[in-house]
Protein chains: 2
Amino acid sequence: MVEKTGQPGYLQIADDLRTQIRTGSLAPGAALPSTAQLCKRYDVSASVVKAAISVLRTEGLIVGQQGKGVFVREDAAASASEEEPASSEVMEQLAQMRNTLATLGERIAELEKTVFQESKRSR
Amino acid sequence: MVEKTGQPGYLQIADDLRTQIRTGSLAPGAALPSTAQLCKRYDVSASVVKAAISVLRTEGLIVGQQGKGVFVREDAAASASEEEPASSEVMEQLAQMRNTLATLGERIAELEKTVFQESKRSR
DNA sequence: ATAGAATACTTGGAATTCTAAGTTGTCAAG
DNA sequence: CTTGACAACTTAGAATTCCAAGTATTCTAT
């Protein structure tokens, strides 16, 4: 049931379910209880349950499938705190670093060619 | 208005408002149009607008104040894409770059060995 | 046994209504 | 001018209802 803590019911349910997902009680790929079951369990209307589900969906923890159910996303554990696309600035700097590394590789290749040829000659 | 793109109305509105927040059309601290105004603008019921607002609230972009309005959070621009732990893609690229650096280091070591041995001999 | 129809269940979206609580503006009285 | 009452507006939460679309199970006919 939803307690009178000043916290709205839908957020309490969302928090509850999020905790279960994070602790593994609701494993990745597992189905959440149906809306009807959650309504009974928490003694609230469907609109409250749906609002809670919507929060978790927006957080990326769950995904629903019409007619089938709502499931914990496979990457939900990571998604709880990770899994944001890297910002474009980070990606840009990574690209630059990869370019620098490639250039270094080429310069070293040139050195190798030169040095190891000289090694042969000097023998 | 909400278009018939297969995308639910509430998500279209949320996307629309999020874009405005990101592009600065809705500056941090600025008030969003009221629910009534958004209903008129998008020609939808209040429940659709509220659902859109709820999504943006869950994303941390906005905050509502009873009786007053819904406002863009001051840190909304940052919240949109920054301050998140690095994504798995970033971590993967970093790992690859570490490997590349190790390889380059080994090749340089071989070069140094060769070059400095020849230096000794040539004296 | 198999296929199709019917039924039950499910999510998702949307509309309508109501209540609670707060803010803002207007107007009348002092 | 100030203050208080009231109306209008606002967000937030919640309930109820309806519809669309899909899945799973059961039942019936072949």
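Residues numbered from 1 in each chain as written. Chains lettered and ligands numbered in written order. Predicted model: local features only at pLDDT ≥ 70, side-chain atom pairs only at ≥ 80, totals over all residues. Heavy atoms only, no water.

The name an unreviewed UniProt entry gives chain A is Regulatory GntR family protein, with Nonomuraea fuscirosea as the organism.

Undergrad: Tell me what's going on with the overall build of chain A, and back it up with residues and numbers.
TA: Each helix and strand counted, chain A has 5 helices and 2 strands in total. If you list the helices and strands of chain A from N to C, you get α-α-α-β-β-α-α. Scored against the burial criterion, the 123 residues of chain A give a buried share of 29%. A sequence separation of at least 24 residues applies to 52% of the contacts in chain A between residues at least 6 apart. (Helix = DSSP H or I, 4+ residues; strand = E, 2+ residues; numbered from the N terminus. Buried < 20%, exposed > 50% of the residue type's maximum accessible area, 1.4 Å probe, protein only. Contact = heavy atoms within 4.5 Å.)

Undergrad: Quick one: what's the story with the protein's contact with DNA strand D, residue by residue and with numbers?
TA: If you check the shell around DNA strand D, you find 19 residues, and the closest are Gly-9, Ser-45 and Val-48 of chain A together with Lys-50 and Gly-64 of chain B. In DNA strand D, atoms within 4 Å of the protein come from the sugar-phosphate backbone in 75% of cases. Within the contact set of DNA strand D, a phosphate oxygen lies 3.4 Å away from a side-chain nitrogen or oxygen of Ser-34 of chain B. When contributions to the surface near DNA strand D are tallied by element, the ones reaching two or more residues are helix 1 (9–23) and helix 3 (46–58) of chain A together with helix 3 (46–58), strand 1 (62–65) and strand 2 (69–72) of chain B. For the surface near DNA strand D, the residue count by class is 4 nonpolar, 12 polar and 3 charged. (Near = heavy atom within 4 Å. Polar contact = N/O pair within 3.5 Å; in protein donor to acceptor, adjacent residues only side chain to side chain. Nonpolar A, V, L, I, M, F, W, Y, C, P; charged D, E, K, R; others polar.)

Undergrad: Lay out the protein's contact with DNA strand C in plain terms, naming residues and giving numbers.
TA: Taken together, 19 residues lie near DNA strand C, and Lys-50 and Gly-64 of chain A together with Gly-9, Ser-45 and Val-48 of chain B sit nearest. Expressed as a percentage, the sugar and phosphate content of the atoms of DNA strand C within 4 Å of the protein is 77%. Within the side chain of Ser-47 of chain B, one N or O atom sits 2.9 Å away from a base nitrogen of DNA strand C. In the model, a sugar or linking oxygen of DNA strand C is placed 3.5 Å from a nitrogen or oxygen of the Gln-66 of chain B side chain. Tallied by class, residues from the surface near DNA strand C come to 4 nonpolar, 12 polar and 3 charged.

Undergrad: Account for the nonpolar core, naming residues and giving values.
TA: Judged by nonpolar contacts, the single largest core of 20 residues is most densely connected at Leu-17, Leu-32, Ile-53 and Ile-62 of chain B. Sorting the residues of this core by element identifies helix 1 (9–23), helix 2 (35–42), helix 3 and strand 2 of chain B as the ones contributing at least two each. The contacts of Ile-53 of chain B, once residues within four sequence positions are left out, are Leu-17, Leu-32, Leu-38 and Ile-62 of chain B. In this structure, Tyr-10, Val-49, Ala-52 and Val-55 of chain A belong to the second largest nonpolar core, which totals 19 residues. (Core = buried A, V, L, I, M, F, W, Y, C linked by side-chain atoms within 4.5 Å.)

Undergrad: I'd like a description of the pattern of salt bridges, backed by residues and values.
TA: All names here are of chain A. In total, this model carries 4 salt bridges over all chains according to the counting rule given. Note that Arg-18 is salt-bridged to Glu-59, the shortest N-O span being 2.8 Å. Separated by 41 residues along the polypeptide, Arg-18 in helix 1 and Glu-59 in the loop between helix 3 and strand 1 (62–65) bring together distant segments of the chain. For Arg-18, a relative accessible area of 13% gives the class buried. Among the residues examined, Glu-59 registers a relative accessible area of 27% and is labelled partly exposed. (Salt bridge = Lys/Arg side-chain N within 4 Å of Asp/Glu carboxyl O.)

Undergrad: Before we move on, could you go through the packing of helix 2 (residues 35–42) of chain A against helix 3 of chain A and cite the residues and values that matter?
TA: All names here are of chain A. Relative to each other, helix 2 and helix 3 sit at 110°, their axes nearing to 9 Å. By the criterion of interaxial angle, the relationship of helix 2 to helix 3 is roughly perpendicular. Relative to helix 3, helix 2 is oriented so that their crossing is right-handed. Mapping the contact onto sequence places Thr-35, Leu-38 and Cys-39 in helix 2 and Ala-46, Val-49 and Ile-53 in helix 3. Of the residues in the contact of helix 2 with helix 3, the class split is 5 nonpolar, 1 polar and no charged. (Axes fitted to C-alpha atoms, helices over the stretch in contact; angles between N-to-C directions. Parallel < 35°, antiparallel > 145°, perpendicular 65-115°, else oblique. Left-handed = near helix turned anticlockwise from the far one by under 90°.)

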